[in-house]
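Residue strings, one per chain:
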Amino acid sequence: MTPHTSTPGRAPAAATGFLVGGAAGFLLTEAAAVLVSLALGEPLDVGGGGGLPRLALVTAVLLCALAGALAGLRRAGRSGGPRPEGGR
């Protein structure tokens with residue numbers, strides 16, 4: 001096995017990053033929807049027939065989730081073990 005696949009803690013770090021990134025993406029899309037509805041004066045309607053707004057919202061959440069998973073993998077892959085309190 002290569003060192004990258006045998007490093008312990010990579011799968012939980014990736015799963016945690018995926019979930020945190022997905023939650024951040026959801027909050028981002030909700031905030032964008034609120035801002036757009038305030039600017040337009042009426043709420044966005046992604047539930048009715050239009051597929052493009054729904055696709056854009058789902059894509060944004062998935063991209064944030066994947067970015068979170070990659071960040072979790074990078075953080076878990078760093079060598080040096082746990083850092084002391086207050087250290088970088």
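Residues numbered from 1 in each chain as written. Predicted model: local features only at pLDDT ≥ 70, side-chain atom pairs only at ≥ 80, totals over all residues. Heavy atoms only, no water.

Re the overall build of the protein chain
Item 1. The helix and strand inventory of the protein chain stands at three helices and zero strands.
Item 2. Mapped in sequence order, the helices and strands of the protein chain form the string α-α-α.
Item 3. Across the 88 residues of the protein chain, 16% fall into the buried class.
Item 4. Pairs at least 24 apart in sequence give 76% of the contacts found in the protein chain among residues at least 6 apart.
Item 5. Put simply, the protein chain shows about 6800 Å² of open surface, and 69% of that area lies on carbon and sulfur atoms. (Helix = DSSP H or I, 4+ residues; strand = E, 2+ residues; numbered from the N terminus. Buried < 20%, exposed > 50% of the residue type's maximum accessible area, 1.4 Å probe, protein only. Contact = heavy atoms within 4.5 Å. Areas by Shrake-Rupley, 256 points an atom, 1.4 Å probe, with all protein chains shown as cover.)

As for the environment of Val 46
Item 1. Within the element layout of this structure, Val 46 appears in the loop between helix H2 (10–40) and helix H3 (51–77).
Item 2. Using a relative accessible area of 25% as the deciding quantity, one classes Val 46 as partly exposed.
Item 3. If we skip the residues at most four places from it in the chain, Val 46 touches Pro 53, Arg 54 and Leu 57.

As for H2
What sets the pattern is the α-helix's 3.6 residues per turn: residues three or four places apart point alike.
Item 1. Taking 1.5 Å of rise per residue, the 31 residues of H2 would be expected to cover 45 Å, and the 44 Å separating its terminal C-alpha atoms lies within 8% of that figure.
Item 2. Buried within H2 are the following residues: Arg 10, Ala 13, Ala 14, Gly 17, Gly 21, Gly 22, Gly 25, Thr 29 and Ser 37.
Item 3. Downstream of H2 by one or two residues, Gly 41 has phi in the positive range, about 85 degrees. (Expected span 1.5 Å × (residues − 1).)

Structural notes on H3
Item 1. In a regular helix each residue adds 1.5 Å, so 27 residues correspond to 39 Å; H3 covers 38 Å between its end C-alpha atoms and thus fits that length.
Item 2. When we look at burial in H3, the residues that qualify are Ala 65, Gly 68, Ala 69, Gly 72 and Ala 76.
Item 3. Turning to H3, the residues buried within the fold contact H2.

Purely spatial values, then, with no claim about function.
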